[in-house]
Amino acid sequence: MAKARISVIGAGLMGHGIAQVFALAGHDVTIYDSVRASLDSAKSRILTNLKDLGEDERAVERVTPVAKLADAVGDADYVVEAVLEDLPLKQKLFGEIEPHVRSDTILASNTSVIPITAIMGGLEKRERALGTHWWNPPFLVPLVEVIATQWTSLDAIDWTIQLHAGAGKTPVHVKKDVPGFVGNRLQHALWRECVALVQNGICDAETVDKVIKASFGRRLAVLGPLENADLVGTDLTLAIHKTVLPDLDRTPGPSPYLEKLVADGKLGMKSGEGFRRWTPEQQAALRARVLQHLKAARDNEA
Ligand SMILES: NC(=O)c1ccc[n+]([C@@H]2O[C@H](COP(=O)([O-])OP(=O)(O)OC[C@H]3O[C@@H](n4cnc5c(N)ncnc54)[C@H](O)[C@@H]3O)[C@@H](O)[C@H]2O)c1
């Protein structure tokens with residue numbers, strides 16, 4: 001794809017990483033954040049990542065922090081927001097962006113689970129609005145879900161898919177705008193059952209994670225569930241579902257066990273305890289292990 005002018009709104013965990021990916025792919029990127037410290041540190045965080053990943057450090061020169069929203073988006077072919085996961089904030093932001101962009105500038109939200117329809121419904125030109133759901137860290141996890149609303153034009157979807165494929169990502173087209181899209185629906189269907197297993201005393205949290213990591217988790221990166229169903233046979237899959245599905249948790253809302261953890265201040269690593277207790281050393285070791293695993297996966301694919 002030809003060089004494009006990209007504008008990234010929100011320079012936090014996701015925003016600075018998304019800017020980095022587009023800059024590395026040769027695009028010119030402006031980045032905006034309403035918090036000055038976040039904007040001012042964006043380039044140094046990108047540079048640190050590029051050094052750590054062994055990527056071309058000159059890419060950071062294609063990223064321009066801009067202190068005014070209208071200036072950041074004014075020339076853009078493509079605007080993607082990665083501000084906080086807050087519907088009114090995202091709605092207001094796109095309302096502020098639309099008057100400053102061309103009528104064909106594509107507008108994208110990196111929301112994790114909020115329907116794009118709810119975020120973009122108030123826009124004047126809704127055919128150029130869509131979702132692009134990246135995964136953390138954006139420069140190491142390949143998938144980007146490109147989500148269409150009922151209004152999104154196929155041209156906007158195609159262009160966005162090409163943009164991300166050209167930047168080395170793995171874009172997929174999500175044709176209907178449902179909460180959580182595809183990836184987070186699947187992920188949280190699994191998490192619901194994980195919490196239920198602990199809540200119902202079947203096993204402890206450490207065992208849940210061990211079971212996944214030492215079994216089907218090992219295969220998941222190369223064998224998707226539906227490939228697996230075909231591998232073992234749809235007849236066997238049907239027989240398993242007849243026995244297991246009626247027994248799975250189907251609570252429509254969050255589990256009481258999870259609600260209690262939060263009410264008790266057991267917020268996970270940031271408070272030292274969630275489903276399990278975490279020392280600072282254990283937290284650092286886990287984060288390092290995840291990063292090392294993702295880098296090795298990237299290197300294997302190269
Ligand atoms: N963290 C993840 O793993 C992950 C993965 C996929 C998608 N997302 C989604 O990406 C978005 C950003 O998440 P994050 O983890 O990067 O959050 P973050 O808190 O690290 O960054 C958010 C940034 O937005 C800025 N901001 C807030 N209001 C703003 C405004 N009005 N204008 C400009 N900037 C503003 C904040 O100053 C902050 O720098 C959320 O919608 C989140 O759900 C997160």
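In this report, the structure presented in the accompanying data block is examined.

**Here's the deal with the side chain of Thr160**
- Mapped onto the elements of the fold, Thr160 is located in helix H6 (residues 154–166).
- Here Ala156 takes part through its backbone oxygen, which lies 2.7 Å from a polar atom of the side chain of Thr160.
- The contacts of Thr160, once residues within four sequence positions are left out, are Tyr78, Ile106, Leu130, Thr132 and Val146.

**A short note on the site of the ligand**
- Contacts to the ligand come from 22 residues, most closely from Met14, Asp33, Glu85, Lys90 and Ser112.
- Asp33 has a polar side-chain atom sitting 2.6 Å from an oxygen atom of the ligand.
- Asn110 is positioned with one of its side-chain polar atoms (N or O) 3.0 Å from an oxygen atom of the ligand.
- In the complex, 77% of the free accessible area of the ligand, which totals 840 Å², lies under the protein chains.
- Elements supplying a minimum of two residues to the shell around the ligand: helix H1 (13–24) and helix H4 (87–97).
- A breakdown of the residues in the shell around the ligand according to their chemical character gives 10 nonpolar, 9 polar and 3 charged.

**Quick look at the environment of Ile114**
- Looking at the secondary structure, you find Ile114 in the loop between strand E5 (106–109) and helix H5 (116–120).
- Residue class for Ile114 comes out buried when judged on its relative accessible area of 12%.
- Separated by 79 residues in the primary sequence, Ile114 and Val35 place their C-alpha atoms 23 Å from one another.
- The contacts of Ile114, once residues within four sequence positions are left out, are Glu85, Asp86, Leu87, Lys90, Ile119 and Phe181.

**Considering a nonpolar patch on the surface**
- Residues Leu231, Val232, Leu236, Ile240, Val244, Leu245 and Leu248 make up a contiguous nonpolar surface patch of about 570 Å² in total accessible area.
- At the level of elements, helix H10 (225–232) and helix H11 (234–244) are the ones that each hand at least two residues to the nonpolar patch.
- Tracing the chain through its elements places Leu248 in the loop between H11 and helix H12 (256–263).
- Residue Leu248 is classed as partly exposed on the basis of its relative accessible area of 32%.

Criteria and cut-off values
Residues numbered from 1 in each chain as written. Predicted model: local features only at pLDDT ≥ 70, side-chain atom pairs only at ≥ 80, totals over all residues. Heavy atoms only, no water. Helix = DSSP H or I, 4+ residues; strand = E, 2+ residues; numbered from the N terminus. Polar contact = N/O pair within 3.5 Å; in protein donor to acceptor, adjacent residues only side chain to side chain. Contact = heavy atoms within 4.5 Å. Near = heavy atom within 4 Å. Areas by Shrake-Rupley, 256 points an atom, 1.4 Å probe, with all protein chains shown as cover. Nonpolar A, V, L, I, M, F, W, Y, C, P; charged D, E, K, R; others polar. Buried < 20%, exposed > 50% of the residue type's maximum accessible area, 1.4 Å probe, protein only. Patch = residues over 30% accessible without salt bridge, like charges linked within 9 Å, V, L, I, M, F, W, Y side chains within 5 Å. Salt bridge = Lys/Arg side-chain N within 4 Å of Asp/Glu carboxyl O.

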